[in-house]
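Chain and residue survey
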Amino acid sequence: MTAPVDADHTGARMRCPACDAHLAGQPAIVGGDRLHGVGGEFAVHVCGACGSGRTAPYVPPDELGALYPAGYNAYALPAALPLRAAATALFRWRYWRGLRRPPLHELRTLAPARLLDVGSGRGDLGVVLRPHGWSVTGLEPSPDAAAEAERRGVPTVVGTLTTAREALGDGFDAVVFQHSLEHVTEPLDDLRAAAELVRPCGLVLVSVPNFGSWQARRFGADWFHLDLPRHRSHFTAPGLETLFRRARLELAGTSTSTSADGLPMSLQYRRFGGRRWTRGPALYAATAATLAAAPVTALIDRASGRADLLHAVARSPSR
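Scanning all chains against the criterion turns up eleven salt bridges. We note a salt bridge from Asp-222 to Arg-34, for which the minimum N-O separation is 2.5 Å. In this pair, Asp-222 is assigned in the loop between α6 (214–219) and β9 (233–234) and Arg-34 in the loop between β1 (29–31) and β2 (42–46), connecting sequence segments 188 residues apart. An identical accessibility class is assigned to Asp-222 and Arg-34; each is buried. We note a salt bridge from Arg-151 to Glu-148, for which the minimum N-O separation is 2.8 Å. You can see Arg-151 and its partner Glu-148 sitting in helix α3 (residues 143–151), three residues apart, about one turn around the helix. What emerges from the salt-bridge pattern is a single network uniting Asp-33, Asp-227 and Arg-230.

Written out as structure tokens, the structure is:
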């Protein structure tokens, strides 16, 4: 049962996480957890001003961990050596590719320095960047994922930007939200915290699913990147631009790109009405198939002009 839109945790009407306008009273999307099977029904209420959305019912920050199973893919590598090797090769390829495209390509314009990876999971970004001279600190709410990152040589603080501020210090040259901003309860609070942690003119880089994409509109509750209930906010480009202005960060620009798995997995959800394979050899067979389909998806996205991933590059103002 979904909570009514005007009954959030404060008793006030729910507002857009991006632009702070009132959200529509009726949900635009209602669905369940297609990826990990968390029980319940969840709704997305959409903003009439910027088109972004918020997931209901409200979940307090200290209860978000219940939405993530122990086998959540970003938390640990598989124990079996062949699968571990395959997973390692896959994330290294993804970051090799990602560091040559927005927004992470901006890191190549800087001399290696201090970087904060927000929602760092098992530490993949740190593992990739540290050999190139970067001093990477992970920030991760899952103690198990943080422990895995530490074992892999990535210093990681357990917590969030709103709970672990003092432990992090400041003076970072870059703060990265690599598919983590959509998971927090109030993204404005996290971006404001990032603005305080980064040095003057330092980079803040964000990647999120594009709620304004043709895939989001076409598939609705079957859209793979909707990921209810873990994605608490759903951003369009106008909404993300407004959110950066509210956080007093100087936006350099936004862009979109095509994910390998978004369209194939959305088709799987729509066609079979089930859940994605999340473990074992079947997962990596499915991953290989989605990678093979990526060029076709990219062509469709190029024709539509609205790909399924959204990126933003911003800088902290000089003080």
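For the rest of this paragraph, the subject is the pairing of strand β11 (residues 309–315). Taken across its seven residues, β11 has six buried, putting it largely inside the fold. Bridge analysis of strand β8 (residues 198–209) against β11 gives seven bridges, and the strand direction is antiparallel. By the bridge assignment, Pro-209 is partnered in β11 with Leu-309.

Another point: the sheet that holds strand β4 (residues 114–118). One open sheet holds the seven strands; their spatial order is β6-β5-β4-β7-β8-β11-β10, and the pairing between them is mixed. For this open sheet the edge positions go to β6 (156–158) and β10 (250–257), each flanked by a neighbour on one side alone. Ignoring strand direction, the axes of neighbouring strands in this sheet form an average angle of 15°. Two strands pair when backbone bridges link them, and β4 and strand β5 (residues 135–140) are joined in this way by five bridges, in the parallel orientation.

This brings us to the environment of Arg-151. Judged by relative accessible area, Arg-151 falls into the exposed class, the value being 61%. Separated by 2.8 Å, the side chains of Arg-151 and Glu-148 make a polar contact.

Tracing the backbone shows Arg-217 in helix α6. Ignoring any residue separated from it by four or fewer positions in sequence, one finds Arg-217 in contact with Gly-51, Phe-211, Gly-212, Thr-236 and Arg-306. A polar contact of 2.5 Å, which involves the side chain of Arg-217, links it to the backbone oxygen of Phe-211.

Counting along an α-helix, one turn takes 3.6 residues, and residues three or four places apart therefore face a common direction. Most of helix α5 (residues 187–197) sits out of view: eight of its eleven residues are buried. If you check which residues of α5 are buried, you get Pro-187, Leu-188, Asp-190, Leu-191, Ala-193, Ala-194, Ala-195 and Leu-197. Each element contacted by the buried residues of α5 is listed here: β4, α4 (165–168), β7 (172–178), β8, β9 and α7 (237–246).

Each strand in a sheet pairs with another by means of backbone hydrogen bonds, the pair being arranged parallel or else antiparallel. Spatially, the four strands line up as an open sheet ordered β1-β2-β3-β9, and their pairing is antiparallel. For this open sheet the edge positions go to β1 and β9, each flanked by a neighbour on one side alone. Examined bridge by bridge, β2 and strand β3 (residues 53–56) share four bridges and lie antiparallel to one another. Residue pairing in the sheet places Val-44 in a bridge with Thr-55 of β3.

The buried count for β7 comes to six of seven residues, which makes it a mostly enclosed element. Relative to β7, β4 is paired through four bridges, and the arrangement is parallel. Residue pairing for β7: Asp-117 is matched across the bridge by Val-176. With six bridges connecting them, β7 and β8 associate as parallel partners. Bridge pairing links Val-175 to Val-204 in β8. Considered for its hand, the β-α-β crossover made up of β7, α5 and β8 is right-handed.

Calculation notes
- Residues numbered from 1 in each chain as written.
- Predicted model: local features only at pLDDT ≥ 70, side-chain atom pairs only at ≥ 80, totals over all residues.
- Heavy atoms only, no water.
- Salt bridge = Lys/Arg side-chain N within 4 Å of Asp/Glu carboxyl O.
- Helix = DSSP H or I, 4+ residues; strand = E, 2+ residues; numbered from the N terminus.
- Buried < 20%, exposed > 50% of the residue type's maximum accessible area, 1.4 Å probe, protein only.
- Pairing = 2+ DSSP bridges.
- Axes fitted to C-alpha atoms, helices over the stretch in contact; angles between N-to-C directions.
- Polar contact = N/O pair within 3.5 Å; in protein donor to acceptor, adjacent residues only side chain to side chain.
- Contact = heavy atoms within 4.5 Å.
- Right-handed = clockwise from strand over helix to strand, strands pointing away.

Nothing here speaks to function; it is geometry throughout.
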